[in-house]
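Geometric and topological summary
One letter stands for each residue in the lines below.
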Amino acid sequence: MNICIIGTGFVGVVSASVYASFGNTVIGLDIDPQKIEKLKHGQVPFFEPGLSDLLLEQQKSGNLHFTTDYSLAVSQAEVVFVAVGTPSTSTGEADLKYVFATADSIAPFLQENAIVVIKSTVPPGTLTQYAERVKTKTQAQFFMASVPEFLREGSAVADTLHPDRVLIGTTEPEVAEKLTLLHQPLQTQIIHTSPESAQMAKYSANAYLATRITFINQIADLCEKNGADIEEVIQAIGQDKRIGSQYWYPGLGYGGSCFPKDVKELAAYANSIGETNNVLIKINEVNEQRIEKILNQYEQKIGGWLNKKVAVLGLSFKPETNDMREAPSIKIIPYLLSKGAQVLGFDPKAEWPVNGDISFFTATPPVTTVSPDSSFTQVNTINDAVRDVDVIMCVIEWPEITSFDFSQSKSAKTQWFVDTRNQFSPKEVTAWGYNYLGIGR
Ligand code: UDX
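None of these values were measured; they are calculated from a predicted model.

Notes on the site of the ligand
By nearness alone, 19 residues border the ligand, and Phe150, Glu153, Tyr247, Gly255 and Arg421 come closest of all. Within the backbone of tryptophan 248, an N or O atom sits 3.1 Å from an oxygen atom of the ligand. Contact distances for the ligand include 2.9 Å between an oxygen atom and a side-chain N or O atom of lysine 318. Within the complex, 95% of the 670 Å² of free accessible area of the ligand lies under protein. In terms of residue count, helix H9 (residues 195–226) provides more of the shell around the ligand than any other element does, three residues in total. Each residue belonging to the shell around the ligand can be placed in one class, and the counts come to 10 nonpolar, three polar and six charged. Two domains each provide a minimum of three residues to the shell around the ligand, namely domain 1 (2–193) and domain 2 (290–437).

The structure is reproduced here in structure tokens:
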């Protein structure tokens, strides 16, 4: 099939490369000429394992192209995917301005019977509004569908190639048939729903996972007070098949480009239709306050942050990505600096902005700026970060960090080892000579 994918972020580039690998002719479009220039030269504008190889392979095969030209991309396309960002507004609703802008841009070039598929996460009802907008600018007959994406950053290629399911939300049987054919090579179960159910399923999956994380974090906080160990509790309850043992580790709360945004958007959507007493508002609040709450608890145990030298290991929001959107580091580092600590940061891939402006990475007020001449330095090795510090704080479970031999870094003074992901054995860390602090143990 001839396919066009609008938006070359994680979802767009990964989907374009995967659809191309099935033998389709795919054109990826973005309004950002710099991004497109990079992609044309086989460069992925962000770090995502395995994506570079797949992209180059598909470009070489002649199946995958990139452009900024709507006429070129859309006029040949049987299927047009919309995979642009849907950030939240200041009041939490999904900001659909980028989605609707694509409606205006594709409309004049749509071929007869084209299928427009919304992959971006949007509230139910958006498809109807989108179609109405397109209709004002074209005489062509076209169809709409919703095919949400469930890929995770850091494993986006594998998730797209081996999804648990593909969701096709449309009311048109011919559209369902064509999109089923397109996804057949994935050899996974294909679920057919209405567009509204597909959109609700996407929001619900993310909101459920965020709720699950918040729940286990709160249980961890209870364990902290009563002598139970959250890891033992998780092991025990995970055996219940209704609960399961995956996606179940406590920490500093969820971050990234999806969960915080999607929870807020679903809560705002619920509010907008009169469902005001919904649990997601509280989930969001608890998650936003979590880092400060835990750091305050650590502060009591460590005896204050003033003049402490702290190594923050892991700046990205999770391992295998350089994405720092809503990463714990974005809150931790300004917090520690405001308390008078000296902070050294390390990450295998993520780079702290040179000008210290982190406002891009967080929607949560107060948006803080870490002045470039503050006591924060990003260093290139774990060794450089941990040398003679008072506190080692393991924030993200990058394999480089969890496999590092911290026994070699212990100095003669009292040192704290803060394990915010429960990745280390308290016994072992204590045997190395550190004072251990984890989450809920
Ligand atoms: C998520 C969904 O998993 C994916 O299906 C959707 O398409 C996009 O949003 P992603 O944001 O890439 O993917 O990361 P994920 O691995 O799900 O982690 C999200 C956040 O939750 C991270 O901050 C992670 O550290 C945190 N998390 C995850 C926990 O704190 N505990 C867990 O048990 C799991």
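Let's talk about the domain arrangement of the protein chain
Often the size quoted for an interface is simply the accessible area lost on bringing the parts together. Each assigned domain of the protein chain is listed here: domain 1 (2–193) and domain 2 (290–437). Tallying the contact residues gives seven residues for domain 1 and nine residues for domain 2. Regarding the contact of domain 1 and domain 2, the summed buried area is about 610 Å², with carbon and sulfur atoms giving 51% of it. The interface formed by domain 1 and domain 2 includes one salt bridge.

Quick notes on the side chain of asparagine 24
Positionally, asparagine 24 belongs in the loop between helix H1 (10–21) and strand E2 (25–29). At a separation of 2.8 Å, a polar atom in the side chain of asparagine 24 contacts the main-chain carbonyl oxygen of tyrosine 19. Apart from residues no more than four positions distant in its own chain, asparagine 24 is found in contact with Met1, Ile3, Tyr19, Asn63 and Leu182.

Comments concerning the packing of aromatic side chains
Tallied over the full model, the rule gives 14 aromatic pairs. Aromatic side chains phenylalanine 406 and phenylalanine 417 sit 5.1 Å apart centroid to centroid with 80° between the ring planes, which places their arrangement in the edge-to-face category. Of this pair, phenylalanine 406 sits in the loop between helix H15 (399–402) and strand E13 (416–419) while phenylalanine 417 sits in strand E13; the two residues are 11 residues apart in sequence, bridging distant segments of the chain. For phenylalanine 417, a relative accessible area of 0% translates into the label buried. Seen from their ring centres, phenylalanine 417 and phenylalanine 424 are 4.9 Å apart, and the 75° between their planes marks the pair as edge-to-face. Relative accessible area serves as the criterion here: at 8%, phenylalanine 424 is assigned to the buried category. Cluster of aromatic residues (ring-pair linked, three or more members): Phe404, Phe406, Phe417, Phe424, Trp432 and Tyr434. Above the face of the tyrosine 434 ring, lysine 410 is positioned so that its terminal group lies 5.7 Å from the ring centre.

Re unusual backbone geometry
The phi dihedral of asparagine 307 falls on the positive side, at around 65°, and the residue is not glycine. Relative to the assigned elements, asparagine 307 resides in the loop between helix H12 (279–302) and strand E9 (309–313). The exposed category is assigned to asparagine 307, whose relative accessible area is 64%. With a phi close to 65°, glutamate 320 is a non-glycine residue in the positive phi region. Topologically, glutamate 320 is positioned in the loop between E9 and helix H13 (328–338). Residue glutamate 320 is classed as partly exposed on the basis of its relative accessible area, which comes to 29%.

Quick word on the pattern of salt bridges
Enumeration over the complete set of coordinates arrives at 23 salt bridges. When the shortest N-O distance is used, the salt bridge between lysine 178 and glutamate 78 registers 2.9 Å. Within this pair, whereas lysine 178 is found in helix H8 (residues 173–183), its partner glutamate 78 is found in the loop between helix H4 (70–75) and strand E4 (79–82), the two being separated by 100 residues in sequence. For lysine 178, a relative accessible area of 27% translates into the label partly exposed. According to the relative accessible area criterion, glutamate 78 is partly exposed, its value standing at 23%. A salt bridge links glutamate 149 to lysine 119, with the nearest nitrogen and oxygen atoms 3.0 Å apart. Of the two residues, glutamate 149 sits in the loop between strand E6 (142–146) and helix H7 (156–161) while lysine 119 sits in the loop between strand E5 (114–118) and helix H6 (126–135), which places them 30 residues apart along the sequence. Relative accessible area serves as the criterion here: at 5%, lysine 119 is assigned to the buried category. Three or more residues joined by partner-sharing salt bridges are found here, namely Asp104, Arg133 and Lys137.

Re the sheet that holds E9
Ordered by their spatial adjacency, six strands build an open sheet running E11-E10-E9-E12-E13-E14, and the pairing between neighbours is parallel. The sheet is open, and its two borders are formed by strand E11 (376–378) and strand E14 (435–437), each paired with just one other strand. Taking each pair of neighbouring strands and ignoring which way they run, the sheet shows an average axis angle of 20°. Bridge analysis of E9 against strand E12 (residues 391–394) gives four bridges, and the strand direction is parallel. Counterpart to valine 312 in the pairing with E12 is methionine 393. Packed onto the sheet, H12 meets E12, E13 and E14 and runs at close to 160° relative to E13. In the packing of H13 onto the sheet, the strands contacted are E9, strand E10 (342–346), E11 and E12, and the crossing angle to E9 comes to about 175°.

Side note on the pairing of E2
Across the five residues of E2, four count as buried, placing the element largely inside the fold. In this structure, strand E1 (residues 2–6) lies alongside E2, joined through five bridges in parallel fashion. Among the inter-strand pairings, isoleucine 3 is bridged to a residue of E2, identified as valine 26. With respect to chirality, the unit in which E1 leads through H1 into the neighbouring parallel E2 is right-handed.

Cut-offs and rules
- Residues numbered from 1 in each chain as written.
- Predicted model: local features only at pLDDT ≥ 70, side-chain atom pairs only at ≥ 80, totals over all residues.
- Heavy atoms only, no water.
- Near = heavy atom within 4 Å.
- Polar contact = N/O pair within 3.5 Å; in protein donor to acceptor, adjacent residues only side chain to side chain.
- Areas by Shrake-Rupley, 256 points an atom, 1.4 Å probe, with all protein chains shown as cover.
- Helix = DSSP H or I, 4+ residues; strand = E, 2+ residues; numbered from the N terminus.
- Nonpolar A, V, L, I, M, F, W, Y, C, P; charged D, E, K, R; others polar.
- Domains from an automatic or database assignment.
- Contact = heavy atoms within 4.5 Å.
- Buried area = accessible area lost by both parts, 1.4 Å probe.
- Salt bridge = Lys/Arg side-chain N within 4 Å of Asp/Glu carboxyl O.
- Phe/Tyr/Trp six-rings, centres within 6.5 Å; stacked < 30°, edge-to-face > 60°.
- Buried < 20%, exposed > 50% of the residue type's maximum accessible area, 1.4 Å probe, protein only.
- Lys NZ or Arg CZ within 6 Å of the ring centre and 35° of its normal.
- Pairing = 2+ DSSP bridges.
- Axes fitted to C-alpha atoms, helices over the stretch in contact; angles between N-to-C directions.
- Right-handed = clockwise from strand over helix to strand, strands pointing away.

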